[in-house]
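# Chain and residue survey
Listed here are the chains, written in short residue letters.
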Amino acid sequence: MTQYYLAIDGGGTSCRMRLVDDTGRVLGESQSGSANLYLGKAVVLPHIKQCLEDILQQSGLSPHIYPHTYVVAGMAGTECPTPYTWLYEYFGDFGDFTCVSDCEISCIGAFGGEDGALLISGTGCIGWAISNRKNYRIGGWGFRVSDKYSGAWIGHQALHYTLDAYDGLYDSPLCDAILQRFDNAPNTIVEWASTATPADYGAFAPMVIEYADKGDTIARDILHRAGHGIGQMAAHLLTTSGCTKWAFAGGMSAALTAYLPIEITEKMCPVIEDALDGALILAKRN
């Protein structure tokens, strides 16, 4: 009987899924909406179901394969205090189901199943290392209390500077451009911030990068601090885990690499595979 492996990458932005057989042949892939466990069953489960239905349709297979399918789900929000037993119940008919952090499968994929440390800076920011099958983590506790040096943090810093620039403390084309987006009214920024999400703040990160490239001192200061902070996180993760190499991923990684301390870039290596590959490695290992 053919054995199947189902990989799930449930992130804050989207849910991705890939099904392969025991020869490694990809039978189907799909993507749907956010699958952060903090959003709860009502939001996440329909996205998982949609992906699975799409994959079955692509592959021409049926639910009859479930007892012969090993599933590894790497999900954002595994530290969520609200129980997510519903996820295990949904996959109860499958041959095996394992749920881990989405960062863990990203780290496994980044190093092709070998030991290493991974820093991810996107809307949020987290570091994850695996050494001798032991996991190490730094950051990633959410925008309100953590996630420094992320896209959301960069946007947040830019808005801080913008209000200071309005008060006359700085002269910055970046701050002028941001202020124009709010009709040059600081009260509008305050009102917007009362309901802004991390993604809303992160939407200003590309502006910071753009103006840093143009030589804006405020923009460069923000990115220099972000790069220095990422370097500190990477160095700490390498020290605590005993890993000798690290990789940098996420939407902010390309822009921030130029701002990393030289001594930490010497230990960088490219990402080998993605999070779904990492989940498949773990599924076959289990």
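Further up the page is the structure itself.
An account of the accompanying structure is given in this report.

Procedures and definitions
- Residues numbered from 1 in each chain as written.
- Predicted model: local features only at pLDDT ≥ 70, side-chain atom pairs only at ≥ 80, totals over all residues.
- Heavy atoms only, no water.
- Buried < 20%, exposed > 50% of the residue type's maximum accessible area, 1.4 Å probe, protein only.
- Helix = DSSP H or I, 4+ residues; strand = E, 2+ residues; numbered from the N terminus.
- Pairing = 2+ DSSP bridges.
- Axes fitted to C-alpha atoms, helices over the stretch in contact; angles between N-to-C directions.
- Contact = heavy atoms within 4.5 Å.
- Core = buried A, V, L, I, M, F, W, Y, C linked by side-chain atoms within 4.5 Å.
- 1 Å grid on protein atoms, 1.4 Å probe; cavity = no way out; pocket = protein on both sides within 12 Å on 5 of 7 lines; lining within 4 Å.
- Points joined across faces, edges and corners; volume = space filled by probe spheres on them.
- Nonpolar A, V, L, I, M, F, W, Y, C, P; charged D, E, K, R; others polar.
- Salt bridge = Lys/Arg side-chain N within 4 Å of Asp/Glu carboxyl O.
- Phe/Tyr/Trp six-rings, centres within 6.5 Å; stacked < 30°, edge-to-face > 60°.
- Lys NZ or Arg CZ within 6 Å of the ring centre and 35° of its normal.

The next thing to look at is the pairing of strand β1 (residues 4-10). Of all the seven residues making up β1, seven are buried; the element is thus mostly covered by neighbouring parts of the structure. Burial along β1 is two-sided: the residues Tyr4, Leu6, Ile8 and Gly10 and Tyr5, Ala7 and Asp9 are all buried. One ladder, built from seven bridges, connects β1 with strand β2 (residues 15-21); its direction is antiparallel. By the bridge assignment, Tyr5 is partnered in β2 with Val20. The loop that links β1 with its antiparallel partner β2 comprises four residues. Sheet topology places β1 next to strand β4 (residues 69-75); seven bridges connect them, and they run parallel. Among the inter-strand pairings, Tyr4 is bridged to a residue of β4, identified as Thr69.

Our focus in this paragraph is the sheet that holds β4. As summarised here, the arrangement of the five strands in space is β3-β2-β1-β4-β5, forming an open sheet in which the pairing is mixed. If you trace the sheet from one side to the other, it starts and ends with β3 (26-32) and β5 (96-101), each paired once. For this sheet, the mean angle separating the axes of adjacent strands, direction not counted, is 10°. Bridge count between β4 and β5: six bridges; the pairing is parallel. Bridge pairing in β5 places Tyr70 opposite Asp96. The strands touched by helix α1 (residues 41-59) within the sheet are β1, β2, β3 and β4, with β3 carrying the most contacts at an inclination of about 150°. Against the sheet, helix α3 (residues 102-110) contacts β1, β4 and β5, and its axis sits at roughly 90° relative to β5.

Counting 47 residues, the largest nonpolar core has Ile154, Ile230 and Trp246 as its most contacted members. Contributing elements (two or more residues each) for this core: β6 (116-121), β7 (125-131), β8 (134-139), α4 (151-166), α5 (173-181), α8 (205-213), α9 (217-241) and β9 (246-249). The dominant element in this core, judged by the number of residues it contributes, is α9, at ten residues. The contacts of Ile230, once residues within four sequence positions are left out, are Leu119, Ser121, Cys125, Tyr149, Trp246, Phe248, Leu256 and Leu260. Counting residues in each nonpolar core, the second largest holds 28 residues, with Tyr4, Leu56, Ile65 and Leu87 among its members.

Bringing the layout of surface pockets into the picture now. The computed volume of the largest pocket comes to approximately 1200 Å³. If you trace the largest pocket, you find 43 residues lining it, with Gly12, Asn36, Ala76, Asp102 and Gly124 closest to the centre. Every element with two or more residues in the lining of the largest pocket is listed here: α3, β6, β7 and α7 (198-202). It is α3 that contributes the most residues to the lining of the largest pocket, four residues altogether. Considered as a void within the structure, the second largest pocket measures approximately 210 Å³ in volume. Around the second largest pocket, the lining residues are Trp141, Gly142, Phe143, Arg144, Val145, Ala193, Ser194, Thr195, Ala196, Thr197, Pro198 and Tyr201. Across the lining of the second largest pocket, the residue classes tally to seven nonpolar, four polar and one charged.

Attention now moves to the pattern of salt bridges. The final tally for this structure, using the stated rule, is ten salt bridges. Ionic pairing is found between Arg18 and Asp274, a salt bridge with its closest N-O pair at 3.4 Å. One end of the pair, Arg18, is in strand β2; the other, Asp274, is in the loop between α11 (262-265) and α12 (275-285), with 256 residues separating them in the sequence. Taking relative accessible area as the criterion, Arg18 reaches 9% and is therefore assigned buried. Through salt bridges that share partners, Asp9, Arg16, Arg18, Glu29, Asp274 and Asp277 make up one connected network.

Our next topic: the packing of aromatic side chains. Pairs of aromatic rings are described using the distance from one ring centre to the other and the angle between the two planes. In this structure the tally under the stated criterion is 14 aromatic pairs. Taken together, a centroid distance of 5.7 Å and an interplanar angle of 90° make the contact between Trp192 and Phe204 edge-to-face. Taken together, the residues span a long stretch of sequence, with Trp192 in helix α6 (residues 186-193) and Phe204 in the loop between α7 and α8 at a distance of twelve residues. An aromatic cluster is defined as three or more aromatic residues linked by ring pairs; in this entry it consists of Tyr66, Tyr88, Tyr90, Phe91, Phe94 and Phe97. Positioned over the ring face of Trp141 is Arg137, at 3.6 Å from the centre of the ring. Across the ring face of Tyr211, the terminal group of Lys214 is positioned such that the distance to the ring centre comes to 4.7 Å.

Keep in mind these numbers describe shape, not what the thing actually does.
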